[in-house]
Amino acid sequence: MSIAQLLAEATLLGVHVLGGGVWIGAMVFSIFVLHPRAEIYFKRVTREADFEDFIFTVVHGARWKVFSGIVAILLSGAALAVWPGHHVNGDALWRSLFALKLLLFATSAGCFVYVSWTLWPRRTFATAAELPAIKTRFTRVGVLMIVTNALNMALGIGAHVWRATL
């Protein structure tokens, strides 16, 4: 393999792995650090509506950046799937694991679409009575996204290690 091919493969791997890691890390931070800590702060000093204004300010404009990152993960993963040596021709286990990775990715990306284009608008216009249920749904969907992305990453690492042993 030439130096150019090795650099291209390393770039694809970097985009794919770092993109997935950033996505997982950002979600973990948002769900388990930012939201709970900011909510505690705002309950002590002001109104619930101020917390919502703060969260909207923090996430404003992130949708298309995250969407672009998801597309980069998808495209780099697709490129790696056909890259020489990144698959085992004819191996049913590899095809099954790849199909599972695609299902996990589709689930997580679908959750992102649901959060971005359904839950955020609902949250934006929610009454005080509706807000707790919407926040609970945000957390549940976010945890599902974290789990599916983490499993996807684990399968990718496992596939890489398995491939190296062949």
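Given the structure is predicted, the values throughout are model-derived calculations rather than measurements.

Some thoughts on the overall build of the protein chain
Secondary structure assignment for the protein chain yields 5 helices and 0 strands. Start at the N end of the protein chain and walk to the C end: the helices and strands fall as α-α-α-α-α. For the protein chain, whose C-alpha radius of gyration is 19 Å, the value lies well above the compact-globule estimate of 15 Å for 166 residues. In terms of principal-axis extent, the alpha carbons of the protein chain reach across some 60 × 30 × 25 Å.

What about the nonpolar core?
In terms of nonpolar packing, the biggest core is built from 22 residues, with Trp23, Ile70, Phe105, Val115, Phe138, Val141 and Met145 touching the most fellow members. Taken together, the elements giving at least two residues each to this core come down to helix H1 (3-45), helix H2 (48-59), helix H3 (62-82), helix H4 (92-124) and helix H5 (131-165).

A short note on the pattern of salt bridges
With the rule as written, the count across this model stands at 3 salt bridges. Across the pair lysine 135 and glutamate 39 runs a salt bridge whose closest N-O atoms are separated by 2.8 Å. Of this pair, lysine 135 sits in helix H5 while glutamate 39 sits in helix H1, and the two are 96 residues apart along the sequence. When the shortest N-O distance is used, the salt bridge between lysine 135 and glutamate 52 registers 3.5 Å. Within this pair, whereas lysine 135 is found in helix H5, its partner glutamate 52 is found in helix H2, the two being separated by 83 residues in sequence. You can call glutamate 52 buried: its relative accessible area is 5%. Counted as one network, the salt bridges with shared partners bring together Glu39, Glu52, Arg123 and Lys135.

So, the packing of aromatic side chains
The description of an aromatic ring pair rests on the distance of the ring centres and on the angle between the ring planes. By the definition in use, this model includes 9 aromatic pairs. Consider the rings of tryptophan 64 and phenylalanine 67, whose centres lie 5.4 Å apart with planes at 75°: the pair is edge-to-face. Of this pair, tryptophan 64 and phenylalanine 67 are both found in helix H3, 3 residues apart, which corresponds to roughly one turn of the helix. On the accessibility criterion, tryptophan 64 (53% relative accessible area) is exposed. Look at tryptophan 120 and phenylalanine 138: their rings are 5.0 Å apart centre to centre, the planes differ by 70°, and that puts the pair in the edge-to-face class. Here tryptophan 120, found in helix H4, pairs with phenylalanine 138, found in helix H5; they are 18 residues apart in sequence, far enough to count as distant. Owing to a relative accessible area of 15%, tryptophan 120 belongs among the buried residues under this scheme. Its relative accessible area of 12% is what places phenylalanine 138 among the buried residues. Put simply, the rings of Tyr41, Phe42, Phe51 and Phe54 pair up and form one aromatic cluster. Across the ring face of tryptophan 117, the terminal group of arginine 63 is positioned such that the distance to the ring centre comes to 4.8 Å. For arginine 123, the ring lying beneath its charged end belongs to phenylalanine 138, and the centroid distance is 5.0 Å.

Considerations on the environment of tryptophan 117
Take tryptophan 117: it is sitting in helix H4. On the basis of relative accessible area, tryptophan 117 is assigned to the partly exposed category, the value being 35%. For the pair tryptophan 117 and histidine 35, spaced 82 residues apart in the sequence, the C-alpha separation amounts to 20 Å. Tryptophan 117 has contacts with Arg63, Trp64 and Phe112, leaving out every residue within four places of it along the chain.

A word on the side chain of glutamate 52
Here lysine 135 takes part through its side chain, which lies 3.5 Å from a polar atom of the side chain of glutamate 52. Sequence-distant contacts of glutamate 52, that is, excluding residues within four places in its chain, are made with Arg123, Leu131 and Lys135.

The rules we used
Residues numbered from 1 in each chain as written. Predicted model: local features only at pLDDT ≥ 70, side-chain atom pairs only at ≥ 80, totals over all residues. Heavy atoms only, no water. Helix = DSSP H or I, 4+ residues; strand = E, 2+ residues; numbered from the N terminus. Rg over C-alpha atoms; globule rule 2.2 N^0.38 Å. Core = buried A, V, L, I, M, F, W, Y, C linked by side-chain atoms within 4.5 Å. Buried < 20%, exposed > 50% of the residue type's maximum accessible area, 1.4 Å probe, protein only. Salt bridge = Lys/Arg side-chain N within 4 Å of Asp/Glu carboxyl O. Phe/Tyr/Trp six-rings, centres within 6.5 Å; stacked < 30°, edge-to-face > 60°. Lys NZ or Arg CZ within 6 Å of the ring centre and 35° of its normal. Contact = heavy atoms within 4.5 Å. Polar contact = N/O pair within 3.5 Å; in protein donor to acceptor, adjacent residues only side chain to side chain.

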